[in-house]
Amino acid sequence: MTNQFYVAVIGAGPAGLFGARELANLGARVVLFNRDLKPGGLAEYGIYPNKHTMKNGLRKQFKQVMDLPNLTYYGNISIGEKADLTLDDLRALGFQVILVTAGAQGTKWLGLPGEDLKGVYHAKDVVYFYNKLPPFSQQSFRFGKRCAVIGAGNVMLDITHFLSREEKVEEVIAVVRRGPAEVKFDKKEMEYVIDNLDLADLDAEIQRVAPIMQAVHQDPEAAKASILVALPKALPKVSNTRFRFEFLASPVQMLGDSEGNLTQVEIEDNILVEANGDTKAKGTGNKRRLDVETVVFAIGDKVEESFGLPTEWSEFVKSQNPRFPMDGNSYESPMEDVFVGGWSRKASSGLVGLARKDGTNAAKAVWQYLQTKQPMEPNTEALAEKLKSLGKPLVLKEHLKKLEETELAQAKQQGLEAYKFGSNGEMLKVMGLA
Ligand SMILES: Cc1cc2nc3c(=O)[nH]c(=O)nc-3n(C[C@H](O)[C@H](O)[C@H](O)COP(=O)(O)OP(=O)(O)OC[C@H]3O[C@@H](n4cnc5c(N)ncnc54)[C@H](O)[C@@H]3O)c2cc1C
Ligand SMILES: NC(=O)c1ccc[n+]([C@@H]2O[C@H](COP(=O)([O-])OP(=O)(O)OC[C@H]3O[C@@H](n4cnc5c(N)ncnc54)[C@H](OP(=O)(O)O)[C@@H]3O)[C@@H](O)[C@H]2O)c1
């Protein structure tokens with residue numbers, strides 16, 4: 001065996017896959033560990049299920065990465081302090097550097113009363129559920145007649161899309177802490193749900209918040225026009241779901257019945273204050289209650305705190321004085337041999353294209369670091385032994401091929417554009433691992 005740099009990449013989402021590709025193409029021996037059985041991360045389990053062209057295009061690119069000869073894939077293996085292997089285990093196995101591209105798997109709990117009621121969820125769990133990621137695919141969710149979704153990003157619209165076009169609930173209320181001028185979603189995502197938008201209610205809502213917007217020099221009519229820009233391309237609605245906005249409102253508590261089921265969310269009205277060229281929401285003390293059976297927080301995610309790296313706010317701590325900056329960013333954790341990329345570097349930020357670029361940049365920083373080390377003979381046998389000792393099914397490249405063939409056959413048989421098994425048990429069986 002020839003001497004090579006030996007690299008562990010944690011997480012096979014877009015950042016990890018493209019980062020691994022970069023390193024493998026540069027000549028490193030790369031081992032890619034992934035919590036999920038299948039690679040793809042949020043491209044597989046986040047992007048809305050009916051975006052078949054995009055998903056299939058990405059799957060094709062991911063397959064090319066997986067075919068690289070000096071890349072080994074271990075699916076069903078989690079890294080973390082309380083996971084299958086720790087960062088120290090990886091070091092002991094001889095990895096010279098670790099690239100963490102595990103996404104942002106933590107939950108941004110706000111510490112509000114009632115967060116534990118039945119019917120209160122975080123978007124990631126709901127998104128994983130409808131995208132069939134085990135074990136979320138097997139959990140039951142309480143989607144009631146009236147649902148509040150907190151946030152004004154594309155994830156809020158994806159959840160609204162699901163609630164209006166799949167669950168066909170009566171009402172979806174987007175609760176937005178700032179105003180109509182600060183919404184973050186894209187026109188394209190609005191096209192799926194704008195036919196359900198109550199236009200008269202939007203008019204009334206914009207009128208209600210107009211004085212607060214004008215006080216910070218915003219144009220309410222321009223903001224309204226920007227929200228409605230998707231109207232000409234509206235996808236015809238498939239339900240009578242009424243979609244509406246509550247602007248300038250923050251949730252303060254959730255209330256439930258004696259059985260622990262959510263019945264109301266209490267919101268506090270906000271005003272806008274100018275701060276550093278942007279605006280901030282400031283509570284007025286005025287509180288109102290909305291009758292809802294479901295609340296979904298679509299406010300972004302944070303990295304996993306038990307991963308084994310120091311965290312600050314939603315993110316892993318990055319070295320402020322990186323040795324190998326890329327595009328002005330630090331990809332370095334405070335541990336000299338651990339780098340971060342994609343949503344593990346900057347939680348909940350940007351599209352797949354950005355994660356791909358970020359993973360690639362992180363890999364370039366890793367490669368520069370490796371130039372300060374000597375290539376070695378990777379002890380792949382020690383790793384195989386260690387993984388065997390975990391006593392759990394290990395998903396390898398050849399198993400994924402079997403799974404893919406079976407899924408394609410199922411889709412064809414059932415006349416579907418795509419087919420996914422909903423449990424790890426079923427997938428492992430198909431792969432011959434259970
Ligand atoms: C609901 C939603 C919809 C989206 N829709 C779009 C869209 O339509 N178009 C678009 O361009 N972008 C979309 N995005 C954004 C896009 O999905 C992300 O930019 C991208 O997936 C981030 O890539 P990543 O590799 O950093 O993280 P992720 O995609 O989250 O991948 C993380 C990977 O790490 C693995 N992992 C996690 N923890 C561990 C661990 N402890 N050990 C080992 N492995 C681990 C996971 O199994 C996963 O494979 C969407 C995002 C969301 C949340
Ligand atoms: N189809 C697609 O292309 C697609 C689909 C889904 C996701 N994505 C991408 O994935 C990334 C993440 O999306 P996202 O929607 O999770 O994030 P996002 O775009 O950052 O939106 C988060 C929303 O939550 C609000 N928020 C944050 N903290 C809050 C709090 N404590 N209380 C109340 N509201 C709060 C934010 O308000 P403030 O503005 O006031 O902070 C914002 O409106 C984005 O880059 C998005 O474009 C893309």
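Residues numbered from 1 in each chain as written. Chains lettered and ligands numbered in written order. Predicted model: local features only at pLDDT ≥ 70, side-chain atom pairs only at ≥ 80, totals over all residues. Heavy atoms only, no water.

J.: Explanation requested: helix α12 (residues 397–414) in the structure shown.
T.: Since the α-helix turns once every 3.6 residues, residues separated by three or four places project in the same direction. The terminal C-alpha atoms of α12, which comprises 18 residues, lie 26 Å apart, in line with the 26 Å expected from a rise of 1.5 Å per residue. All of the buried residues along α12 are His399, Leu400, Leu403, Glu407 and Ala411. Viewed along the axis of α12, the buried residues span an arc of 105°, placing them on a single side of the element. Residues of α12 that are exposed and point over 90 degrees away from its buried face: Glu405, Leu408, Lys412 and Gln413. Buried residues along α12 sit in contact with α3 (52–66), β3 (71–75) and α13 (424–430). Directly beyond the C-terminal end of α12, a positive phi value near 65° is found at Gly415. (Helix = DSSP H or I, 4+ residues; strand = E, 2+ residues; numbered from the N terminus. Expected span 1.5 Å × (residues − 1). Buried < 20%, exposed > 50% of the residue type's maximum accessible area, 1.4 Å probe, protein only. Arc of directions from axis to C-beta. Contact = heavy atoms within 4.5 Å.)

J.: I tried to follow the pattern of salt bridges on my own but got confused; where do I start?
T.: Should the charged atoms of two oppositely charged side chains come close, the side chains can pair. Counting across every chain of the model gives 33 salt bridges. Salt-bridge contacts for Arg91 lead to Asp88; the nearest nitrogen and oxygen are separated by 2.7 Å. On the criterion of helical spacing, the pair formed by Arg91 and Asp88 is a turn pair, its members being three residues apart in helix α4 (residues 87–92). The partner of Glu305 in a salt bridge is Lys302, and the shortest N-O contact between them spans 3.2 Å. Assessed through its relative accessible area of 18%, Lys302 is described here as buried. Residues participating in the shared-partner salt-bridge network are Arg146, Glu171, Asp198, Asp201, Glu205, Arg208, Arg242, Arg244, Glu246, Asp269 and Arg288. (Salt bridge = Lys/Arg side-chain N within 4 Å of Asp/Glu carboxyl O.)

J.: Could you clarify how one ought to interpret the pairing of strand β10 (residues 262–275) in this entry?
T.: Successive residues of a regular strand alternate their side chains across the two faces of the sheet. Pairing analysis gives seven bridges linking strand β9 (residues 249–256) to β10, with the strands arranged antiparallel. Bridging from a neighbouring strand, Pro251 pairs with Ile267 of β10. As consecutive antiparallel partners, β9 and β10 are separated by five residues, and within that stretch Gly260 has a phi angle of approximately 80°, a positive value. Bridge count for β10 against strand β11 (residues 278–291) is eleven bridges, and the pairing is antiparallel. Looking at the pairing, Glu274 lines up with Thr279 of β11. In this structure, the hairpin formed by β10 and β11 is closed by a connection of two residues, where Asn276 is found at a positive phi of approximately 50°. (Pairing = 2+ DSSP bridges.)

J.: When you look at the site of ligand 2 in this model, what are you seeing that I'm missing?
T.: Around ligand 2, the surrounding shell holds 21 residues, and the nearest of these are Ala152, Arg177, Arg178, Glu189 and Gly350. Here Val155 contributes a backbone N or O atom positioned 3.1 Å from an oxygen atom of ligand 2. Starting from 920 Å² of accessible surface for ligand 2 in isolation, the protein chains cover 82%. Counted by class, the shell around ligand 2 contains eight nonpolar, seven polar and six charged residues. (Near = heavy atom within 4 Å. Polar contact = N/O pair within 3.5 Å; in protein donor to acceptor, adjacent residues only side chain to side chain. Areas by Shrake-Rupley, 256 points an atom, 1.4 Å probe, with all protein chains shown as cover. Nonpolar A, V, L, I, M, F, W, Y, C, P; charged D, E, K, R; others polar.)

J.: Can you help me understand the sheet that holds strand β8 (residues 242–246) in this one?
T.: Pairing between the strands of a sheet comes from backbone hydrogen bonds, and it takes one of two forms, parallel or antiparallel. Overall, parallel pairing links the five strands, which are arranged β5-β12-β6-β7-β8 in an open sheet. In this open sheet, the two edge strands, each paired with only one partner strand, are β5 (120–122) and β8. When strand polarity is set aside, the average angle formed by the axes of neighbouring strands in this sheet is 20°. As paired elements, strand β7 (residues 171–175) and β8 share five bridges and run parallel to each other. Its bridge partner being in β8, Ile173 is matched across the sheet by Arg244. (Axes fitted to C-alpha atoms, helices over the stretch in contact; angles between N-to-C directions.)

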